[in-house]
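The primary structure of each chain is shown beneath.
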Amino acid sequence: MKDKILQLTGIQSFLSPWVNIFKGEETKKNINILLKSYIFPLLSILLFVLVWHTGATYLYNKEATSKIEKARAERGEAAALEVQNCIYSGEVGCQPNTLPSPAKVWEAYLSLLADHKIISGKKEAFAKKVEKTNAKRAEQGKAAITYTGRPSFVDQIGTSLKTVFAGFLLAAFIAIPIGIIIGLSSTLRTSMNWLIQILKPVSPVVWLLLVFMIVKTLMSDSDMDKSFMISFISVGLCSMWATLVNTSMGVSTVDKDFVNVAKVLKLSIGQNIFKVVLPSSLPMIFTGLRITLSVAWMVLIAIELLAQSPGLGSFVWEEFQNGANDSNAKIIVAMFVIGMIGFGLDRIMMVIQKMMSFNKEVA
Amino acid sequence: MNQYNINPIVGTTKSIINPQKEIVEDTRPDMLVCKDIAKIYPTPKGDYTVLSDLQLTVKKGEFISVIGHSGCGKSTLLTMIAGLNDISKGHVFVDGEEVREAGPDRAVVFQSPSLFPWMTALQNVMIGVKQVFPHATKKQKQDICKYYLDKVGLGNDFHKRASELSQGMQQRVGIARAFALKPKVLLLDEPFGMLDSLTRGELQDVLLEVWQKEKITAIMITHDVDESIFLADRVIMMTSGPFAKIGDELKIPFERPRNRVDILEHPDYYQYRGYLMDFLNH
């Protein structure tokens, strides 16, 4: 089992060349594998950072020059010199506002982490402070007092993950059963086809507005977290189509031999669905779920941004509106974090997909 | 052991010239009767008749093989008997009852093993056994499955996933699954067509060995002349389609249990083979 997990997650293939080089087995071949699989990708990332750095420096200089020129044109030579000195002294207030360099982004990342530590500290202190009061309130049957201060970046990531998983589960719970039902009947499939094809390409923004209209009415007198509801339902509705289409496809294209075996064995409808149709379409269903999760993560940011629900999306939007000196750098930190989490989620789904696909290759 | 220990083999060369002449009346009851059956596929250019007016009677416990050129409708005939394909005209009776749909009394071994790859070998056999013996205890069902898997040489692979087995091993499970259903008729649709010749030989032996014990009425579709002689009591030759029907038939009176070496060395063997080849080439 342990070996299988190592193999499926790709950890084995990651480690084996290193181990082999260490052992001195097939050194040349393994060095080649290392070069191809790790050194070159790392080099390409390095190259990317270099291009970024050069581009950012160019943009910085251009912005600085135009700032100085503007001061000169509007307020004369003395003002221009002042602005120039201010920029090159590195003072925060007069830095040109443009694409931040990799170094700045790294700084912003560290400051976000530090910020997280401070906020966690505050939270702990707060929890200690209200511990007794909360115990009392619990006895009286009242809700506990919770920390309502500003969330840290890491908290935002947690919220986003929570939303995306809620949306993903919703998508799975809607799409898989419907997919199975329409997969089993070609009449239902053709009758639903237009609807599905029309709804599938609808933009996340429109789904959000639609969900907003419905949720607003339905929950007008509830004190549940409306923005969370709206965003996770929208995420679910946007992302469920891949699973729906794949499930119905998988169910409707069960191997003809399997269908014949089921007929010869006279399996009942229930047995046929659970013993034959579902297992044989599991690989397709999980391919669909993998796409669904990546779509969910992609649209989540846009939806959070619009729905004003906490999370990475609103973090990005707030930073953009904020316009502080390191806002741009923070946005780019968020961009990389979003990318890396998306990559991680896709990897997890790939492992599950591989486990579900009776030893066939998965890209 | 003397490897040339030849069993006494019945049958004379005369039977070749006129197969019907020397045949002793078969007193066994009819197990399968195909009466005037036809298969017609409607096409935009009019009906396409694959089989027409086909008559076939198979006695209980008889092993017949059906040969013919590819596309002549052999497999169509088999799937019609199995109930997997609609019968356009005529009737098929199994043990006196007319065939209307597929069922486990007519077990099929398909050309591709058609095992459920997500199940183990045992589970693949079990799913059928559960259908046929719903009232048996779990232990009894397991014993049936294990008995047949053991018989086809998979005694050590009960819990291997079907996807982990080789093509030949998978087809062994397919054979075990079919026999475990205790069918009235065993239908074999070119079961060894996708295997290499060595594995094919092995599986023919396995099939014959299990069949020898059960004596289930069997119909095997094949395009391999040697296979049809080695396995069958009677070889049915089908004419090429469209409007295919039974062109000729040949009794193979070699005594059972059969042994590959004995059959190949039997003086009549090449005459039977020649007779079949002659039919196929004309």
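Keep in mind it's a predicted model, so treat the numbers as computed, not measured.

Novice: So what's going on with helix H12 (residues 312-322) of chain A? Residues and values would help.
Specialist: Residue and element names in this part refer to chain A. Looking only at H12, the buried set comprises Leu312, Gly313, Ser314, Phe315, Val316 and Glu319. Looking at the buried positions of H12, the neighbouring elements they touch are helix H5 (102-140), helix H6 (153-184), helix H11 (269-307) and helix H13 (327-356). Just past H12, the residue glycine 323 takes up positive phi, approximately 70°.

Novice: Hey, could you go over the interface of chain A and chain B for me, with residue numbers and the actual values?
Specialist: Accessible area lost on assembly of the parts is the figure often given for the size of an interface. Contacts between chain A and chain B engage 16 residues on the former and 24 residues on the latter. The junction of chain A with chain B conceals about 1800 Å² of combined surface from both sides, 70% of it contributed by carbon and sulfur atoms. Where chain A packs against chain B, one counts one salt bridge. Counting residues per element, the side of chain A that touches chain B draws most heavily on helix H10 (residues 256-264) of chain A, at six residues.

Novice: Provide a residue-level description of the packing of aromatic side chains, including the pertinent values.
Specialist: Considering all chains together, one arrives at 14 aromatic pairs over all chains under this definition. Taking the centre distance of 5.6 Å and the plane angle of 85° together, the rings of phenylalanine 258 of chain A and tryptophan 118 of chain B count as edge-to-face. Linking phenylalanine 258 of chain A in helix H10 with tryptophan 118 of chain B in the loop between strand S6 (106-109) and helix H3 (121-132), this pair reaches from one chain into another. Given a relative accessible area of 9%, phenylalanine 258 of chain A falls into the buried group. Counting every residue linked through ring pairs, the aromatic cluster contains Phe48, Trp52 and Phe336 of chain A. Seen from the ring of phenylalanine 228 of chain A, lysine 162 of chain A lies directly overhead, with NZ or CZ sitting 5.2 Å from the centre.

Novice: Quick rundown of the sheet that holds strand S1 (residues 30-43) of chain B? Include the residues and the values.
Specialist: Residues and elements named next belong to chain B. Here four strands make up an open sheet; going across it, the order is S2-S1-S4-S5 and the pairing antiparallel. Unpaired on one side and paired on the other, strand S2 (46-59) and strand S5 (97-98) mark the two borders of the sheet. The pairing of S1 with strand S4 (residues 89-94) spans five bridges and is antiparallel. Pairing of cysteine 34 across the sheet is with valine 92, part of S4. In the packing of helix H2 (residues 74-82) onto the sheet, contacts are made with S1, S2 and S4, and the angle to S1 comes to roughly 115°.

Novice: Pulling in residues and values, what's your account of the UniProt feature "transmembrane region" (unreviewed entry) in chain A?
Specialist: All names here are of chain A. Per the UniProt record, the feature "transmembrane region" (unreviewed entry) sits at residues 38-60, 164-188, 194-215, 227-249, 296-317 and 329-350. The span residues 38-60 carries 100% helix and 0% strand; its end-to-end C-alpha distance comes to 33 Å. In residues 227-249, helix accounts for 100% and strand for 0%; the two terminal C-alpha atoms are 34 Å from one another.

Novice: Give a description of the domain arrangement of chain A that names residues and reports values.
Specialist: All names here are of chain A. Partitioning chain A into domains gives domain 1 (2-95), domain 2 (100-150) and domain 3 (151-356). Its C-alpha centre places domain 1 at a distance of 33 Å from the equivalent point of domain 3. At the junction of the two partners, domain 1 supplies six residues and domain 3 supplies seven residues. Summing both partners gives a buried area of about 580 Å² for domain 1 against domain 3, and 75% of it is carried by carbon and sulfur. One can count zero salt bridges joining domain 1 with domain 3. Along the contact surface separating domain 1 from domain 3 lie zero residue pairs in polar contact (both at pLDDT 80 or more). Within the residue set of the side of domain 1 that touches domain 3, elements represented by two or more residues are helix H1 (2-9) and helix H3 (27-75).

About the criteria used
- Residues numbered from 1 in each chain as written.
- Chains lettered and ligands numbered in written order.
- Predicted model: local features only at pLDDT ≥ 70, side-chain atom pairs only at ≥ 80, totals over all residues.
- Heavy atoms only, no water.
- Buried < 20%, exposed > 50% of the residue type's maximum accessible area, 1.4 Å probe, protein only.
- Helix = DSSP H or I, 4+ residues; strand = E, 2+ residues; numbered from the N terminus.
- Contact = heavy atoms within 4.5 Å.
- Buried area = accessible area lost by both parts, 1.4 Å probe.
- Salt bridge = Lys/Arg side-chain N within 4 Å of Asp/Glu carboxyl O.
- Phe/Tyr/Trp six-rings, centres within 6.5 Å; stacked < 30°, edge-to-face > 60°.
- Lys NZ or Arg CZ within 6 Å of the ring centre and 35° of its normal.
- Pairing = 2+ DSSP bridges.
- Axes fitted to C-alpha atoms, helices over the stretch in contact; angles between N-to-C directions.
- UniProt positions renumbered as here; feature names shortened; annotations may be inferred.
- Domains from an automatic or database assignment.
- Polar contact = N/O pair within 3.5 Å; in protein donor to acceptor, adjacent residues only side chain to side chain.

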